[in-house]
Amino acid sequence: MKTVYLDHCATTPLHPDVLKAMLPFLRDSFGNPSSIHAPGRKAKEAIEEARGRVAALIGANASEIVFTSGGTEANNLAIQGIARARKDCGNHIITSSIEHHAVLKTCQYLERNGFTVTCLPVDHHGIVNPEDVKKALTDKTILVSVMHANNEVGTIEPIDEIGRIVTERGITFHTDAVQSAGKLPLNVKEMSVDLLSISAHKFYGPKGIGALYIREGIRIDPILYGGEQEKGVRSGTENVASIVGFGTACELANKAVPVLGDKIRKLRDSLQERISTAVPGLTINGHPVSRLPNCLSVSIPGIMGETILRDLDARGIAVSSGSACTSHSVEISHVLSAMGLTKETAQGTVRMSLGIMNTPDEIEYAAASFVEVVEKLKTLSEIENSLGSRRCY
Ligand SMILES: *Cc1c(COP(=O)(O)O)cnc(C)c1O
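Residues numbered from 1 in each chain as written. Predicted model: local features only at pLDDT ≥ 70, side-chain atom pairs only at ≥ 80, totals over all residues. Heavy atoms only, no water.

A. Main features of the site of the ligand. Around the ligand there are 13 residues in total, and Thr72, Asp176, Gln179, Ser199 and Lys202 lie nearest to it. At 2.8 Å from an oxygen atom of the ligand is found a main-chain nitrogen or oxygen belonging to Gly71. Asp176 is positioned such that a nitrogen or oxygen atom in its side chain is 2.7 Å from a nitrogen atom of the ligand. When the ligand is considered free in solution it has 380 Å² of accessible area, and contact with the protein chains removes 88% of it. Here the shell around the ligand takes three residues from helix α3 (residues 71–86), the largest share from any one element. (Near = heavy atom within 4 Å. Polar contact = N/O pair within 3.5 Å; in protein donor to acceptor, adjacent residues only side chain to side chain. Areas by Shrake-Rupley, 256 points an atom, 1.4 Å probe, with all protein chains shown as cover. Helix = DSSP H or I, 4+ residues; strand = E, 2+ residues; numbered from the N terminus.)

Here you go:
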């Protein structure tokens, strides 16, 4: 069976060059980077070279990069780290209602522990209004965290404007750039951002490795204590092989972002065009223009996104849905609800996210299969309706 992977917002395959760069550090070069002997020094050098490459992807200085176990830890470190370091200056945090759970649940945890959290709304396209950020700031605000690009619908937030408003007031601004890194050009020197999270496995690097950019001069408390690695901000023996792979992934992305972005956008647009003309009632989620080039989230009210997912999976096509259908209830994505989608529309949501390895043939196969699957499910759902029973299609 043909297989077409269209879930690159969830994770990506490892680039062959990344694997090649990692292998020596899983075999012979096993030294602990904290050791003073030659094997230790070799590991240390490899880490510092990778740090330079990660920094180069986002225009940072190498000294501003702290390696973490991924995007989740980077977000936790940014938010908990600032909350702990600044708790004497204030207890108010601002975020948005469409953040990844690694941000939202961290904020909710802090809310249970003496902090006040303002969760800003978004418009129908999933955009946070910078004016809302401005209005929400108080003299107790210590941190604002708004993501760069959303993982479910691909909407790109106006973080330059938000960052200016926040940092002008001397307040720390964090952005979760896990979805944009490696896909959009990023330069922290030109952005008003103090903290920025990235994760390797979203752009052809290994899973379980990421980084937090911490602007020079921003003080942050650790959340892990121990051997004082990463200048004491993130203790624990470094994941050397993954860090090396992360560095290579950043170097590849740095070269590829401008070229591949256009290629993927064209494929995405052709997929969007094909299915939206063939399926009546289909709507596109996210901002029409300010959107990740590889992301396509669509809704078909009346059909279950999860059923489409399963039927496409049976044809070798991997996508994701905006809700999970359990036996008694349907869990709706917090992002789609915040954007004002009705329950029925949110349930009928499917996300297709493309990657650098996808070909026009694959996209053609995926589009044709999508249309077939939806037509079949629509017919089934009409039969069910006419029989007066309602099932989970
Ligand atoms: C995937 C993702 C994360 C989590 O990153 P991990 O490395 O998987 O922990 C955080 N934020 C966004 C926007 C993501 O897409």
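B. Spatial organisation of the nonpolar core. Core analysis: the biggest nonpolar cluster contains 59 residues, and Ile58, Ile65, Val144, Leu196, Phe203 and Phe246 have the highest contact counts within it. Residue-level mapping places this core at the junction of two domains, with at least three residues from each of domain 1 (4–9 + 257–386) and domain 2 (16–253). Counting residues in hydrophobic clusters, the runner-up holds 27 residues, among them Leu6, Ile264, Ala367 and Leu377. (Core = buried A, V, L, I, M, F, W, Y, C linked by side-chain atoms within 4.5 Å. Buried < 20%, exposed > 50% of the residue type's maximum accessible area, 1.4 Å probe, protein only. Domains from an automatic or database assignment.)

C. Inspection of unusual backbone geometry at higher detail. Residues other than glycine seldom take positive phi values, yet Tyr204 does so here, at roughly 75°. Its location among the elements puts Tyr204 in the loop between β7 (195–199) and β8 (210–214). Positive phi values are uncommon outside glycine, yet Lys231 reaches one of about 55°. Residue placement: Lys231 occurs in the loop between β8 and α7 (240–278). Residue Lys231 is classed as exposed on the basis of its relative accessible area, which comes to 67%.

D. Structural context of the state of the cysteines. By the definition in use, this model includes zero disulfides. No disulfide involves Cys89; its sulfur sits 17 Å from the nearest other cysteine sulfur, which is in Cys107. No disulfide involves Cys250; its nearest neighbouring cysteine sulfur is the one of Cys9, lying 17 Å away. (Disulfide = S-S within 2.5 Å.)

E. The side chain of Glu157, seen in detail. Relative to the elements of secondary structure, Glu157 occurs in the loop between β5 (141–145) and α6 (159–168). For the buried Glu157, no salt bridge is present, and the opposite-charge side chain at shortest range is Arg291, 12 Å distant. A distance of 2.8 Å separates a polar atom in the side chain of Glu157 from the backbone nitrogen of Val128. Look past the residues within four positions of Glu157 in its chain and what remains in contact with it is Ile98, Gly126, Ile127, Val128, Val146, Met147 and His148. (Lys, Arg positive; Asp, Glu negative; His and termini not counted. Salt bridge = Lys/Arg side-chain N within 4 Å of Asp/Glu carboxyl O. Contact = heavy atoms within 4.5 Å.)

F. Spotlight on the side chain of Asp176. With respect to the secondary-structure elements, Asp176 resides in strand β6 (residues 172–176). Among buried Asp, Glu, Lys and Arg side chains, Asp176 stands out as unpaired, with Lys202 the closest opposite charge at 7.4 Å. A polar contact of 3.0 Å, which involves the side chain of Asp176, links it to the side chain of Asn75. Among residues more than four places away in sequence, those in contact with Asp176 are Asn75, His100, Val103, Val146, Met147, His148, Ala149 and Ser197.

G. Just the environment of Ile243, in detail. Along the chain, the position of Ile243 falls in helix α7. Accessibility expressed as a relative area gives 1% for Ile243, which makes it buried. A C-alpha to C-alpha distance of 6.5 Å links Ile243 and Ala50, two positions 193 residues apart in sequence. Contacts of Ile243, omitting those with residues within four sequence positions, involve Ile47, Ala50, Phe67, Ile209 and Glu238.

H. Seen up close, the pattern of salt bridges. By the definition in use, this model includes 15 salt bridges. With a closest N to O distance of 3.0 Å, Arg351 and Asp7 form a salt bridge. Taken as a pair, Arg351 in strand β15 (residues 349–353) and Asp7 in the loop between β1 (4–5) and α1 (16–26) lie far apart in primary sequence, 344 residues in all. The partner of Arg51 in a salt bridge is Glu230, with the nearest N and O atoms 2.8 Å apart. Taken together, the residues Arg51 in helix α2 (residues 38–58) and Glu230 in the loop between β8 and α7 connect sequence positions 179 residues apart. Each member of the pair Arg51 and Glu230 is classed as buried. Through salt bridges with shared partners, one network takes in Lys44, Glu48, Arg51 and Glu230.

I. View of the packing of α7 against helix α11 (residues 360–386). Their axes nearest at 10 Å, the elements α7 and α11 cross at an angle of 25°. Classified by the angle their axes make, α7 and α11 are roughly parallel. Once α7 is placed against α11, the crossing between them reads as right-handed. Facing Leu267, Ser270, Leu271, Arg274, Ile275 and Ala278 of α7, the residues of α11 in contact are Pro360, Ile363, Glu364, Ala367, Ala368, Phe370, Val371 and Glu375. Taken together, the residues of the contact of α7 with α11 break down into 10 nonpolar, one polar and three charged. (Axes fitted to C-alpha atoms, helices over the stretch in contact; angles between N-to-C directions. Parallel < 35°, antiparallel > 145°, perpendicular 65-115°, else oblique. Left-handed = near helix turned anticlockwise from the far one by under 90°. Nonpolar A, V, L, I, M, F, W, Y, C, P; charged D, E, K, R; others polar.)

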